[in-house]
Structure formats: C-alpha cells, structure tokens
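One-letter residues, chain by chain:
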Amino acid sequence: MSFIKLSLQNMLRRKLRTSVTLTGVAVAVAALFSLLAFQRGYQTGMRDELDRLGAHVLVVPKGCPYDAASTALHGASWPCYLKYAYLEQVRKTRGVSVAAPVFMNALYEANGNQTVYLGINDDIRMVKRAWSIEGSLPVKTGDILLGAAAAKSLHVQRGQEFDLPGLEGAKGRVCGLLATTQGADDNFLYMPLADAQRLFNRQGQLTHILVRLQDPNSLEDVVGALRACEAGMDMNIVPLTHLFRTIQSMVNSTRLLLGCIALVALLVAGAGVSNTVLMAVTERTREIGVMRSVGASMGDIFRLIWMETVQICLLGGVVGVAVALVGAQSLEGWLRNRLPFAPTGTLIHPEVSIMVACLAGAALLGSLAGLLPAWRASRLSPVEAIRAT
Amino acid sequence: MADSILVSAQGLTKVYNRGTEEVRALDGVTFDLQRGEFTAVVGVSGAGKTTLLHLLGCMDTPTSGELLIDGQSTRGLSDSALTRMRREQVGFVFQHFGLLPTLTVMENLTLPTLFSKKEAKAYANELLERVGLTHRRNHLPNQLSGGEMQRVAIARALINRPQVLLADEPTGNLDSANGEAILQLFHQLHRDGLTIIVVTHNPILANATQRQLVLHDGRLVP
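Residues numbered from 1 in each chain as written. Chains lettered and ligands numbered in written order. Predicted model: local features only at pLDDT ≥ 70, side-chain atom pairs only at ≥ 80, totals over all residues. Heavy atoms only, no water.

1. Describing the overall build of chain A
From N to C terminus, chain A includes 15 helices and 12 strands. Against the 2.2 N^0.38 benchmark of 21 Å for 389 residues, chain A shows a C-alpha radius of gyration of 30 Å, more extended than a compact globule. Considering only C-alpha atoms, chain A reaches an extent of 95 × 45 × 30 Å along its principal axes. Split into buried and exposed, the 389 residues of chain A put 52% on the buried side. (Helix = DSSP H or I, 4+ residues; strand = E, 2+ residues; numbered from the N terminus. Rg over C-alpha atoms; globule rule 2.2 N^0.38 Å. Buried < 20%, exposed > 50% of the residue type's maximum accessible area, 1.4 Å probe, protein only.)

Given below as structure tokens:
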C-alpha cells in the first residue's frame, strides 16, 4: 500500500465523474498542445520556406506584398507584371549581389490539376544554392527542368520529349531533374525565361525578381536604395525577413488570442477538478476521520487528496496530448484550407519539449487545483470527521 | 504502583458550543486505569461515553482537566503530537467498522502502517490468522459479513502494537453470534495483557469486563 495507490483507488471510485472531469482537462491540454505545436510548425515551416526561396529581397509588382510573396512561394498566376527593364536597375543597385528574374504562370486543367511554369535564367543558381540538379538548367529553347514531384506525376525521364501540360501543341525536352527540396519548388516546371515569356505572350515582362545581397546586414540600406531607384515607384520591394516578421506577428496575435482561450479552458478545467475533489472530500469525510484516527497526520491527508488531484490532471494531460497527436493530421488539413500564407511543410509540429511542457502544465494545474480540497480535508477535525454521516 | 497506571484522567471536562448553547458533554471526570485492565464505559445515550473515548484516543482535547497516557500529558499538545500518540499508543475500533471500501482486507489492516511508516507484513499475517480471516485477505469489505468486518477493524487497531485498545460500541452492529465472537476476541487480547476500554450498551459485553465506568450527564457515577 502506498499513497499513490490509495489516491489512484480513490480516483477510480467514481469512474463516470472522474472521466467527465478528466475530459475537461484533456480538452484544454489538447487545445494547448495543438496551439503550441502549430505555432512551432508554422514558424519552422515559414522560415524553411523563405530559406528555400534563397533570396533576401523579393521584387514584385505593385499590390499586396503578402499576396505576391505567397504566390512566389507557392506558385500561381500573377495579376500584374514587372517590366524586364527594371531588372537592370535592380542589378545596378549598390549592395545587390544577384538579381534573378522569374516569370511564373499557372495553368489549370479541367480536373483541377495545376501546372506551374517558371521562366528562369542562369542567375537562379546563385539564388537557389541548395538545389541539386541531375542534368542541366534550361538554357536552350524547349529545355525543361522538372521539380521532383512534377517529374514523378508526369512520368518522364531525362532527355525525354513530352507534351507540356495545359499548353496545346507545345513540347518540351527534359534537360534536368531537380532533387526534392521538400518545398513548392518540387511541383514546378522550369524553362528558359524567353520561352516562358513567349509561350504566355508576355514578352519583356517578369513576375518577380529574386535578389541576394552582398551583405545581408545591409538589408535596410539596399531596400532603401531599391525603393529610391528610377523604377522604385513601380515595384514593391519586399525584404523577406520583414515579411517573415510581419507574418509571424500576425500568427502571434492569433496565438495570443487562442492562448487566452486555452488558458481559460485550463482554468475552467482546473476549477472543475477542484470542485470534483471537494465533492469527493465531502463524501469521504468519515473515511478521512477513520484515517486520522489510525494515525494519519494533517500532512498525510493533504498529500493524499493533493495527489489525487494531480493524478486526475496528469492523466487528463496524457489523454489530451494523445488526442492532439491522433488528430494532428486532420487539424492540419483543416487549417491549411483556411490559412493563406501557410508554408508547405508540416504545420503541426509536435515536439517532445511541447509534450513535456503540456504535461508539466497539467501537473501544475493539478497542484494548484488540489490545494483547496487538500487544505479543507486536512483541516477536518478527526472527531467531526468521524461523526459525519 | 504508579507505573502500573496506563491512563489517568483528572477532572476531564469537555464543553461544546452549539450556537449560543453550551453543552457540557463531560464534567470533571476523574479515574485511573491499570495496565492490562479490561474496562467498560456504560451509560445512557448522551451520557458522554463517546466523548470520553475520543479524549482517551487523542482524537480531541479536553476543555479543562488533564489526561495522562503512559505518563505523558496530552495537555497543550500540537496536532502532530496528538497524531503521534494516536499512531503509537492507541488502537481504535468503531461501531461502523470504518473500513475503506476500495481496500482489501489486507490493505485495510495495514493502512495505519502507511502513516507510521513501519514494516509490519509478518505481523499483519499473524493478526489475520489470529482473527481467523487469512482466507479473506484479498476480499473487499463488501464481500465480508459484519462480524468479519469488525474482526478486520480490530486487527487494524492492533497493527501498530498500541498500549490501549479503544472500542466504540464494537458489537452494536452485530448479531448475537458475531457479538459473542468479538467478545471472545477481546478476552483473548486481554489475556495477552492488552488494556481495553469499550464503550457499550451491550450488558453481556459490559458484564464480561473487569470494571465498569458508569457515566450519567457527563459525570462519573461513583
């Protein structure tokens, strides 16, 4: 016989009541766990995605910079364009190391499939430094570099000629295969910039320019210089660290709100646990009197009731974490459809540290919720407790 | 001779306040009990028998007067000191047995050792054998008869080897056969030298003791 066993047996005495109380804790902990895991996943995913983009600054047409950044990251058709002539001005700006022009367009098939074409030139290699290509970049007319996922869905090999999806009568030859990047790049078809402009009737136009700086610490100066250049009024200069910070602050605002809701849920659950254990103390007053008469001290009674509360909360925490883990995939799918700037990586990122934090939170909740019932039980006079009916 | 006195009550008085009303449950009760004595406390309902037992069991403290158990006064003792006395000096048996329903016979029996932190497995087995319930060790209280439950309660009261066994109406909830079995058990324990004090309305049990303390309106009848 031990205190743990005794308090466990007490906890299991009223299974339905304990289950309902435990469910309250589990729901609150599941919400907290999902929130923290989402926050971690979103942050990591967004940072990885921006890293994969390889640029320090994104130059896009005038309009919403977040829409433009999201389009550049995930691939879509653009509503407006940059003049190719702006590229030279960007390149000449002091502090710019590389300016890689991109023309992007997406075509949609009747079945809902989307094919994203990107027109690029050699400069892209200076930006996408992590790319690993089997073969070569698209240089000659008709060359196509395939992202890993695109190659898989089109079932084509290197050197093979194939019909370009969505472009009737147009053919391409696979000049290279891009190793998986775990990002949106895997889904794209890359062709020479001139081919893309010609195929989509946008000669002399670009959708965006990826800019790398000579020194990332000079970001503010370079951004200022780009905005001050002749074409500055016609371009949107988007520093990606700023973009990351802005999106992150939007996410943080949402997290704060959701965090408050999770906290309220935890407090309500804690109050529920406290109330349940208080009821149990009232029901078991006579037993507490018996224990006092056979030698239990006030501290022993406090410990026993307090442990019972902690056990309920800890068990609720374990159930909550388990439910959150099982439901992570469904939640991810639901969230992805509702978040415009969601990164391509895993959105819900459960980590051991988050699990430990949630379980510690549940234990802390139990510790606090158990104080009142434990204090009340320990203060019962042995005689009054024995006389209780 | 003084060494043979285990319990000494000097002018024990206990007053309860019920709202504005003052209830004098015990009023200047004085007596000595020898070691190994088997005593009954008798009297009509409300005479103060259970109050006296609670004071003797260190479950409560007197409003005035002094109680010495094995020479140690309970006056002014803290809750933890009273708890220690309950743990080490006293064994308590209740009319309603006071067994915890979720614990087995063996777990109920060893419950006091959880608080005294003593290892008493072998002694628990011995006690279980003594009360004739070895075969019931893993049963829950709701699987036992009233007599069996009371025997478990007595064994539990003995597990910490107390100086004195206090029993509040131990046969009050039992039929006559079970009552007789409990009486025999008390006789056995008395023969082994244990000091026993029982509060009872049962004349058979009261007459079987060596001495009777008769209470009336909180006073000891001479």
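On we go from here.
2. What about the overall build of chain B?
If you tally the helices and strands in chain B, you get seven helices and 10 strands. Relative to a compact globule of 222 residues, whose C-alpha radius of gyration would be 17 Å, chain B shows 17 Å and is just as compact. If one aligns the C-alpha atoms of chain B with their principal axes, the spans along those axes are about 50 × 45 × 35 Å. In chain B, which comprises 222 residues, the share counted as buried stands at 57%. In chain B, the share of contacts with a sequence separation of at least 24, taken over all contacts with a separation of at least 6, comes to 72%. (Contact = heavy atoms within 4.5 Å.)

3. Thoughts on the interface of chain B and chain A
With 25 residues of chain B in contact, the opposing surface of chain A contributes 24 residues. Here chain B packs against chain A, burying approximately 2300 Å² in sum over the two surfaces, 65% of which is carbon and sulfur. Summed over the shared surface of chain B and chain A, the result is three salt bridges. Across the salt bridge formed by Arg-87 of chain B and Asp-300 of chain A, the nearest N and O atoms sit 3.4 Å from each other. (Buried area = accessible area lost by both parts, 1.4 Å probe. Salt bridge = Lys/Arg side-chain N within 4 Å of Asp/Glu carboxyl O.)

4. Quick word on unusual backbone geometry
Unusually for a residue other than glycine, Lys-117 of chain B sits at a positive phi of about 55°. Considering the arrangement of structural elements, one finds Lys-117 of chain B in the loop between α3 (105-116) and α4 (121-130).

5. Some remarks on the domain arrangement of chain A
All names here are of chain A. Partitioning chain A into structural domains gives domain 1 (3-48 + 248-387) and domain 2 (54-245). Centre-to-centre, using C-alpha coordinates, domain 1 lies 49 Å away from domain 2. Facing the 10 residues of domain 1 at the interface are nine residues of domain 2. Interface area, domain 1 with domain 2, both sides summed: about 730 Å², of which 65% is carbon and sulfur. Taken together, the connections running from domain 1 to domain 2 amount to zero salt bridges. Summed over the shared surface of domain 1 and domain 2, the number is one residue pair in polar contact (both at pLDDT 80 or more). Of all the secondary-structure elements, those providing two or more residues to the side of domain 1 that touches domain 2 are α2 (15-53) and α9 (240-283). Per-element tally for the side of domain 1 that touches domain 2: the top contributor is α2, with three residues. Partitioning the side of domain 1 that touches domain 2 into residue classes produces five nonpolar, four polar and one charged. (Domains from an automatic or database assignment. Polar contact = N/O pair within 3.5 Å; in protein donor to acceptor, adjacent residues only side chain to side chain. Nonpolar A, V, L, I, M, F, W, Y, C, P; charged D, E, K, R; others polar.)

6. Observations regarding the packing of α2 of chain A against helix α11 (residues 298-326) of chain A
All names here are of chain A. Relative to each other, α2 and α11 sit at 50°, their axes nearing to 7 Å. One finds that α2 runs oblique with respect to α11. In terms of crossing hand, the pair formed by α2 and α11 is right-handed. Every residue of α11 that contacts α2 at Thr-18, Thr-21, Leu-22, Val-25, Ala-26, Val-29, Ala-30, Phe-33 and Ser-34 is listed here: Ile-312, Cys-313, Leu-315, Gly-316, Gly-317, Val-319, Gly-320, Val-321, Ala-324 and Leu-325. Here the contact of α2 with α11 is built from residues that sort into 13 nonpolar, six polar and no charged. (Axes fitted to C-alpha atoms, helices over the stretch in contact; angles between N-to-C directions. Parallel < 35°, antiparallel > 145°, perpendicular 65-115°, else oblique. Left-handed = near helix turned anticlockwise from the far one by under 90°.)

7. Quick look at the sheet that holds strand β6 (residues 90-93) of chain B
Residues and elements named next belong to chain B. Spatially, six strands are ordered β6-β7-β8-β3-β9-β10 in an open sheet, and the strand pairing comes out mixed. The sheet is open, and its two borders are formed by β6 and β10 (219-221), each paired with just one other strand. For this sheet, the mean inter-axis angle between neighbouring strands, taken without regard to orientation, is 25°. Relative to β10, strand β9 (residues 211-216) is paired through three bridges, and the arrangement is antiparallel. In the strand pairing of β10, Val-214 is matched with Val-221. Its contacts with the sheet put helix α2 (residues 79-89) on β6 and β7 (164-168), and the angle it makes with β6 is roughly 80°. (Pairing = 2+ DSSP bridges.)

8. Overview of the layout of surface pockets
The space that makes up the largest pocket amounts to roughly 600 Å³. Counting only elements with at least two residues in the lining of the largest pocket, the list comes to α10 (285-293) and α15 (382-387) of chain A together with β1 (5-18), β2 (21-34) and α1 (49-56) of chain B. For the lining of the largest pocket, the element with the most residues is α1 of chain B, which contributes four residues. Partitioning the lining of the largest pocket into residue classes produces eight nonpolar, 11 polar and eight charged. (1 Å grid on protein atoms, 1.4 Å probe; cavity = no way out; pocket = protein on both sides within 12 Å on 5 of 7 lines; lining within 4 Å. Points joined across faces, edges and corners; volume = space filled by probe spheres on them.)

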